[in-house]
Amino acid sequence: MAERNVHFKGFFGRKSLFRMFSITSILFMLSLLFVLRTTGRRHFFYLNVLPKSKILALSDEGYSQSSSQPLKKYNLFKCNPSKQVLKVYMYDLPPQFHFELLGWKAEGKSVWPDIRKMVPGYPGGLNLQHSIEYWLTLDLLLSEFADNSNGRSAIRVHNSSEADVIFVPFFSSVCYNLFSKLKPNQKKSTNVLLQEKLVEFLTAQEEWKRSGGKDHIILAHHPNSLLDARMKLWPAIFILSDFGRYPPTVANVEKDVTAPYKHVISNYDNDTSDFDSRPTLLYFQGAIYRKDGGSIRQELFYMLKDEKDVHFSFGSTLKGGVKQATNGMHSSKFCLNIAGDTPSSNRLFDAIASHCLPVIISDEIELPYEDVLDYSEFSIFVRTSDALKENFLINFIRSITREEWTRMWERLKDIENLFEYRYPSKDNDAVQMIWQAIARKVPAINLKVSMFFSSFCFLEVPPIFSAKQSAY
């Protein structure tokens, strides 16, 4: 009997369980690393910095160019060949968290507007650039009325146990933009109060408890949105514009998803322009004096302002600024996208809508769909340190030939649809591409949820395995 008790203790004692848990945790981290390595990430080496049609080789004497290579069509479904539809459970949050922020008034106990009759509008101007939560929520609501799922990447399900992910419909960006200021007699702004209520609601839900929030999708596209709640909701998958204002333990490329801004300027429909009919070589209009990493804008301004075929000036959305920028980008060959207060800006997506080849100078930028879309086929990447070298940037841009520009320009028009937000959504537009990006995270999410559940079970040791009983 004593021998059996010793045998029992050796196999099921706390030390043995701890060893098993440690080994399992190590295997989990190795498996997770393997899964996440497949997401890929652009590195700023010179073989990747510039378009495949023009590779820059630095030397003491200057630079040289490689021969042109044809651009390939990219298979957007290479990571999801079956085009399997993502099943999304969406919380029925009270309207104060979503459409009520847009001025919609609920009738009776209804939570959602009847989008078959009326779709609430979204505030215009710069508010639109961070409106991602609006488009995704509308798409889920519409999925319940759609006749078929052709071209659809996600559908709403009403049983959370059937879902791949849990969607949190909090319009955090517009909440920050419109409700951050204190109203009379308020001690806390509506933006802060709603974040507190959101944390209280989510952490009380069984769906959050069973996964630790790891399968929840939370939108915080504006860099300052969800500022108070993000440190409490960090296990969730965030949909962001970039990671500039997040510590890597809270948001990172392995866990979260970057989504494109909604462009502000008008699309260039029926574009019949070409290399010769776009007179401006290089275009930038926007805020020049920025803090943090955006100081490069000021330095480039003084380097480029006197170049005869370069437009580099201050601009805003006021006094016809959007129309002026639209005309300027539509008549330019290249458009600068320079880091500002954060690594990303809407200017990249304005350039794509204008069919103006983006020149990206932002060393820390993480781009939407970068694991399935090769940006070097239609964009140019330049390191900040190189861009600030005297005459480096302008000489390189001038050296790009008509044939090289035209090849990239044609590719830019091919992929333009991937960055378009619209309702109803269409096949492979921005809404569907974001759902697909989330779907590619599901295997890693499931692995993390399984390990969370296993660790939870380990902490809740059944009485039969208690230390006291194993000592008998």
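Quantities reported herein were computed from a predicted structural model and do not represent experimental measurements.

Moving on, we come to the sheet that holds strand 12 (residues 357-361). One open sheet holds the 5 strands; their spatial order is 10-9-11-12-13, and the pairing between them is parallel. Edge positions in the sheet fall to strand 10 (310-314) and strand 13 (380-381), since each has one partner strand and no second. With 5 bridges joining them, strand 9 (residues 280-286) and strand 10 adopt parallel strand pairing. Residue pairing across strands places Gly 286 opposite Phe 314, the latter belonging to strand 10. Packed onto the sheet, helix 13 (residues 402-415) meets strand 11 (332-338), strand 12 and strand 13 and runs at close to 95 degrees relative to strand 12.

Moving on, we come to the packing of helix 5 (residues 172-179) against helix 6 (residues 190-204). In the contact formed by helix 5 and helix 6, the axes pass within 8 Å of each other and the chain directions differ by 150 degrees. The orientation of helix 5 with respect to helix 6, classified from their angle, is roughly antiparallel. Of helix 6, the residues touching helix 5 (which contributes Cys 175, Tyr 176 and Phe 179) are Thr 190, Asn 191 and Leu 194. Residues that form the contact of helix 5 with helix 6 fall into these classes: 4 nonpolar, 2 polar and no charged.

Here the structure, examined in full by the defined rule, presents 1 disulfide. Covalent S-S linkage joins Cys 335 and Cys 356, the inter-sulfur distance amounting to 2.2 Å. Because the sign of the S-S torsion sets the handedness, a value of about 105 degrees for the bond joining Cys 335 and Cys 356 places this disulfide among the right-handed ones. Of this pair, Cys 335 sits in strand 11 while Cys 356 sits in the loop between helix 10 (347-354) and strand 12, placing them 21 residues apart in sequence.

Calculation criteria
- Residues numbered from 1 in each chain as written.
- Predicted model: local features only at pLDDT ≥ 70, side-chain atom pairs only at ≥ 80, totals over all residues.
- Heavy atoms only, no water.
- Pairing = 2+ DSSP bridges.
- Helix = DSSP H or I, 4+ residues; strand = E, 2+ residues; numbered from the N terminus.
- Contact = heavy atoms within 4.5 Å.
- Axes fitted to C-alpha atoms, helices over the stretch in contact; angles between N-to-C directions.
- Parallel < 35°, antiparallel > 145°, perpendicular 65-115°, else oblique.
- Nonpolar A, V, L, I, M, F, W, Y, C, P; charged D, E, K, R; others polar.
- Disulfide = S-S within 2.5 Å.

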